[in-house]
Amino acid sequence: MINSDLAVEFASDIVKKSDQNRCENIIKRINVTDKSLFNDRCGVYYDIDCTAEPYIVENAIAECLLSYGYKCDKILLIGLGNARYISDALGELVLDNLPVANEKMAKFKPQVSRVTGIESHDIILSTKKLVKPTLIIAIDSLATSDIARVGKSIQITNVGLTPGSGVGNSRKILTAKSLGVPILAIGVPLVASVNVNNSRRLVIPIDTEDIAEKLAKSIANGIRQILS
């Protein structure tokens, strides 16, 4: 079982990583291509060191989002997670830091399935049919297998995401194929899935609230740049 949502961890032995000479070298591009091992995670990932100055991180986020070349005529922004738990509130926090919906973008918080009784994937698919976006951007909290990585990086990928996968509660996967429109996923590791006495435990740092609020603002500001 893969106990991490981060490509720099689960694919570290089989991918090509290259530091980019952009945004003061805080971006790493990771190409996951081995379908025999990671069929549902093959694609292009960016890992952004978010310990840099906020304005540098924001510029890096915008640069990575635009690098995929997807049309941004109408963007549907999805804030995944459960705001009752700060470690799972990143998606909603980012949407709260974005401007009100307009002709260029729409915002939606589908909640978690244990609250609504409906899979997030199915709610998002219905919303997509109403909004008719050219691109979906989904934001969610991620899990890492290394406590030292919590809050230290922002991951962006065109693979999509599986809500809850890093904490052993996987739901329907959100992909371009399943949704019928390109999707970019943005996430930050806010919990660590670590081995304690031969069993897996979820560890949440005491300052998770400060980390989540700070990075939610940076992610929102990065997204604002591609909305202008």
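For every chain, the first residue of the written sequence is number 1, and numbering continues from 1 along that sequence. Residue-level local features of this predicted model are given only where pLDDT is at least 70; pairs of side-chain atoms are given and counted only at 80 or more, and the full residue set underlies all totals for whole chains, interfaces and linings. Only heavy atoms go into the side-chain values, all of them from the structure, while hydrogens and water stay out.

### Considerations on the overall build of the chain
Basically, it comes down to this: Counting from the N terminus, the helices are DSSP H or I runs at least four residues long and the strands are E runs at least two residues long. Only protein chains enter the accessibility calculation, which uses a 1.4 Å probe; a residue whose area is less than 20% of its type maximum is buried, one above 50% is exposed, and one in between is partly exposed. Only heavy atoms enter the contact rule, under which two residues are in contact if any of them lie within 4.5 Å.
Each helix and strand in the chain was counted, giving eight helices and nine strands. In the chain, buried positions account for 52% of the 228 residues. Within the chain, counting contacts between residues at least 6 apart in sequence, those at least 24 apart form 70% of the total.

### Quick look at the packing of helix H3 (residues 54-67) against helix H8 (residues 208-227)
Operational definition: In this analysis an axis means a line fitted to C-alpha atoms, helices contributing only their contacting stretch, and an angle means the value between N-to-C directions, from 0 to 180 degrees. Angular relationships are summarised with four words: roughly parallel below 35 degrees, roughly antiparallel beyond 145, roughly perpendicular across 65 to 115, and oblique for the angles in between. For any helix crossing, the convention is left-handed if the near helix is rotated counterclockwise from the far helix by under a right angle, and right-handed if that rotation is clockwise.
One way to put it is that H3 packs onto H8 with a least axis distance of 8 Å and a crossing angle of 50 degrees. It follows that H3 is oblique to H8 by the angle criterion. The interaxial crossing formed by H3 with H8 has right-handed handedness. Within the contact between the two elements, H3 uses Pro54, Val57, Glu58, Asn59, Ile61, Ala62, Leu65 and Leu66 and H8 uses Ser218, Ile219, Asn221, Gly222, Ile223, Gln225 and Ile226.

### Overview of the environment of leucine 65
For leucine 65, the position within the fold is in helix H3. It is 8.7 Å that separates the C-alpha atoms of leucine 65 and threonine 157, two residues lying 92 residues apart in sequence. Setting aside anything within four residues of it in sequence, one finds leucine 65 in contact with Ile156, Leu184, Ile186, Ile223 and Ile226.

### Regarding the packing of aromatic side chains
Our working definition: Note on aromatic contacts: the rings of Phe and Tyr and the six-membered ring of Trp form a pair at centre separations within 6.5 Å, being stacked when their planes are under 30 degrees apart, edge-to-face when over 60 apart, and tilted otherwise.
Applying the stated criterion across every chain, the model contains two aromatic pairs. Ring geometry for tyrosine 46 and tyrosine 68: centres 5.6 Å apart, planes at 80 degrees, overall edge-to-face. Of the two residues, tyrosine 46 is situated in strand S3 (residues 43-49) and tyrosine 68 in the loop between H3 and strand S4 (75-79); the sequence distance between them amounts to 22 residues. Like tyrosine 46, the residue tyrosine 68 is buried in the burial classification. Look at tyrosine 68 and tyrosine 70: their rings are 5.9 Å apart centre to centre, the planes differ by 5 degrees, and that puts the pair in the stacked class.

### A few points about the pairing of strand S5 (residues 105-108)
For clarity, the threshold we go by: Any two strands are treated as partners once DSSP identifies two or more bridges connecting them. If you view a crossover with the strands going away from you and the path from the first strand over the helix to the second runs clockwise, you call it right-handed.
Bridge count between S4 and S5: four bridges; the pairing is parallel. The partner of leucine 77 across the bridge, within S5, is lysine 107. Tracing the backbone out of S4, into helix H4 (residues 90-96) and back to the parallel element S5 gives a crossover that is right-handed.

### Observations concerning unusual backbone geometry
The backbone phi angle of lysine 132 is positive, close to 55 degrees, even though this residue is not glycine. Relative to the assigned elements, lysine 132 resides in the loop between helix H6 (120-131) and strand S6 (135-144).

### Structural notes on H3
Inclusion rule: Expected span, for any helix, means 1.5 Å times one less than how many residues it has.
End to end, H3 covers 20 Å across 14 residues, agreeing with the expected 20 Å (1.5 Å per residue, within 8%). Taken as a whole, H3 has its buried residues at Ile56, Val57, Glu58, Ala60, Ile61, Ala62, Cys64 and Leu65. On its buried side, H3 packs onto strand S2 (27-32), S3, strand S7 (153-157), strand S8 (183-196) and H8. Where H3 ends, the next residue or the one after it, glycine 69, has phi of about 75 degrees, a positive value.

### A look at a negative patch on the surface
Filter applied, for reference: Each patch is built from residues lacking any salt bridge and having more than 30% relative accessible area; the joining distance is 9 Å for like charges and 5 Å for nonpolar side chains (Val, Leu, Ile, Met, Phe, Trp, Tyr). Shrake-Rupley sampling with a 1.4 Å probe provides the accessible areas, and residues are treated as covered by the protein chains on show and by no other component. Here, a salt bridge means any side-chain nitrogen of Lys or Arg that lies within 4 Å of a carboxyl oxygen of Asp or Glu. Asp and Glu count as negative and Lys and Arg as positive, but His and the ends of the chain are not part of the count. A single reference atom marks each charge: NZ on Lys, CZ on Arg, CG on Asp, CD on Glu.
Taken together, the side chains of Asp207, Glu209, Asp210 and Glu213 define an acidic patch exposed on the protein surface. Note on placement: aspartate 210 falls in helix H8. Note on aspartate 210: relative accessible area 54%, which makes it exposed.

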